[in-house]
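Structural overview for review
The chain contents come next:
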Amino acid sequence: MALQDADALFQHKIDNEIKIEPKDFMPEAYRKTNIRQISQHAHSEIVGMLPEANWISRAPSLKRKAILLAKVQDEAGHGLYLYSAAETLGTSRDEMINDLHIGKAKYSSIFNYPSLTWADMGVIGWLVDGAAILNQVALCRTSYGPYARALVRICKEESFHQRQGFDSLLVLSKGTPAQKEMCQDAINRWWWPSLMMFGPKDSESTNNDQSIKWKIKRKTNDELRQSFVDMAAEQVKVLGMVLPDEKLKWNSQKNQYDFGEINWVEFWNVVKGNGPCNKQRLAARVKAHEDGAWVREAAIAFAEKRKMKREILKEPAI
Ligand code: 3HC
């Protein structure tokens, strides 16, 4: 097929909501953008396990411990689906993980903040997973097939994550004065970093326009952030808590909430590796990777042994 025809076919598929599949022709920049976004997303799921894992051994009851454990395991699964989706674009897991470890690949800024109290587990579920879901529900319609399909399953699990977080906060919000205070303090610390998860303003976003044209992103950073504010501003009332923004106010003309300005200096600082926990998070991931080397070696040896056995017995590969 001539390049012109291939380009036209690619555009026809994008225009008509037909998914782009791994063996289809795609412009090199489309492939690269998908690798960048999907791998950043995968790294976020994996690094995102760290602030929560910190509380598994200190959860206040067996029930809460079991829920948190299941949630952290789900995040590992999400990371694996996403690495697999990115691999269909011609990169390898080793390459992606190496890029994370050398600080070349990004992951979500939110996971560079510390989880200081038990209430943080509730707020991470409610706000962080809540922000992630809003973004990811839109991404279920992303144009790259393997990414879209991975996200359908991820969103189902994320919605359980958000509910368990809110449920945990609801208990604290009806508890003792100390528990109420802990709940409000956690909301205060995580609110602004949660808004930063949606990325820079549309006017500052380098990838927005092209990604929207290619239907990799289905909504812009600002559109998603606004939906999140509108949702959280109502839900916080059920908790009897407040969001730490004096400018948060319903605007009946726009039919949405107005809200204050994000501290963009802080955002870029965290993205560039200078947030409160960036160094700690990367060091933990590198250590886990090194400590797990023997598992990978054993898995490769086992696969080779099975392959040899199949060849000797002339069995078909599964
Ligand atoms: N943290 C770190 N880096 C960020 C960021 C954030 N919150 N927001 C934006 N950036 C980076 C971008 O990667 C881009 O960097 P690059 O061009 O050098 O690679 C730069 O800042 C400019 O931003 P853009 O708006 O141009 O970037 P995108 O078009 O990629 O939009 C995004 C950013 C909205 C995060 C988009 O990549 C996206 O939707 N990604 C998929 C979802 C995702 O990764 N979510 C992360 C959270 S997942 C999660 O929280 C796990 C769950 O279990 C809770």
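Residues numbered from 1 in each chain as written. Predicted model: local features only at pLDDT ≥ 70, side-chain atom pairs only at ≥ 80, totals over all residues. Heavy atoms only, no water.

1. Let's talk about the side chain of Ser39
In plain terms, the rule: Helix and strand assignments follow DSSP, with helices taken as H or I runs no shorter than four residues and strands as E runs no shorter than two, numbered in order from the N terminus. Remark: exposure states derive from per-residue accessible area (1.4 Å probe, protein chains only) relative to the maximum for the residue type, with buried under 20%, exposed over 50%, and partly exposed in between. Contact criterion: two residues are considered in contact whenever any of their non-hydrogen atoms come within 4.5 Å of each other.
Along the chain, Ser39 falls in helix H2 (residues 28-47). Looking at Ser39, the relative accessible area reads 8%, which means it is buried. If we ignore the near neighbours within four places in the chain, the residues touching Ser39 are Asn34 and Met96.

2. Some remarks on the packing of helix H6 (residues 119-139) against helix H10 (residues 221-239)
Think of two packed helices as two axes; the pair is described by the angle between the axes and how far apart they sit. This is how it is decided: Under this scheme, a helix contributes an axis fitted over its contacting stretch, all axes are lines through C-alpha atoms, and angles between N-to-C directions fall in the 0 to 180 degree range. Roughly parallel covers angles under 35 degrees, roughly antiparallel covers those over 145, roughly perpendicular covers 65 to 115, and oblique covers all other angles. Here a crossing is taken to be left-handed if its near helix is turned anticlockwise relative to the far helix by less than a right angle, and right-handed if that turn runs clockwise.
Viewed as axis vectors pointing N to C, H6 and H10 meet at an angle of 140°, and their least axial separation amounts to 10 Å. The pairing of H6 with H10 is recorded here as oblique in orientation. In the packing of H6 onto H10, the handedness of the crossing is right-handed. Residues Trp126, Leu127, Gly130, Ala131, Leu134, Asn135 and Ala138 of H6 touch H10, and the partners they reach there are Leu224, Ser227, Phe228, Ala232, Gln235, Val236 and Leu239.

3. Focus on the layout of surface pockets
Heads up, the rule is: In this analysis the probe radius is 1.4 Å and the grid spacing 1 Å, with only protein atoms considered; a cavity is a set of points the probe fits into but cannot get out of, a pocket is an open set with protein on both sides within 12 Å along at least five of seven lines, and lining residues have an atom within 4 Å of a point. Grid points are joined across faces, edges and corners, and a volume is the space filled by probe spheres set on the points. Side-chain classes follow a simple rule in which Ala, Val, Leu, Ile, Met, Phe, Trp, Tyr, Cys and Pro form the nonpolar group, Asp, Glu, Lys and Arg form the charged group, and the remainder, Gly included, forms the polar group.
One number sums up the size of the largest pocket: a volume of about 980 Å³. Only H2, helix H4 (62-87), H6, helix H7 (145-173), H10 and helix H11 (264-274) provide two or more residues apiece to the lining of the largest pocket. The greatest single-element share of the lining of the largest pocket, amounting to nine residues, is contributed by H6. Of the residues belonging to the lining of the largest pocket, the class tally is 17 nonpolar, 14 polar and 12 charged.

4. Describing the site of the ligand
To keep things clear, this is the line we draw: Summary of the distance rule: residues count as near a molecule or strand when at least one heavy atom falls within 4 Å of that molecule or strand. Under this definition, polar contacts are N or O atom pairs within 3.5 Å; protein pairs additionally need one hydrogen-donor-capable and one acceptor-capable atom, and for neighbouring residues in sequence, both atoms have to be side-chain atoms. For every accessible area listed, the method is Shrake-Rupley and the probe measures 1.4 Å; residues are considered covered only by the protein chains on display. Any molecule with more than half of its atoms within 2 Å of a cavity's or pocket's grid points is counted as sitting in it.
Taken together, 32 residues lie around the ligand, and Gln40, Glu75, Lys106, Ser205 and Lys217 are the ones closest in. Glu75 places a side-chain nitrogen or oxygen 2.6 Å from an oxygen atom of the ligand. At 2.8 Å from a nitrogen atom of the ligand is found a main-chain nitrogen or oxygen belonging to Ser109. Burial of the ligand by the protein chains amounts to 92% of its free accessible area of 1000 Å². When atom positions are compared with the pocket grids, the ligand is found to occupy the largest pocket.

5. A look at the side chain of Gln184
Along the chain, Gln184 turns up in helix H8 (residues 177-196). At 2.8 Å, the side chain of Gln184 forms a polar contact with the backbone oxygen of Val242. Look past the residues within four positions of Gln184 in its chain and what remains in contact with it is Met241 and Val242.

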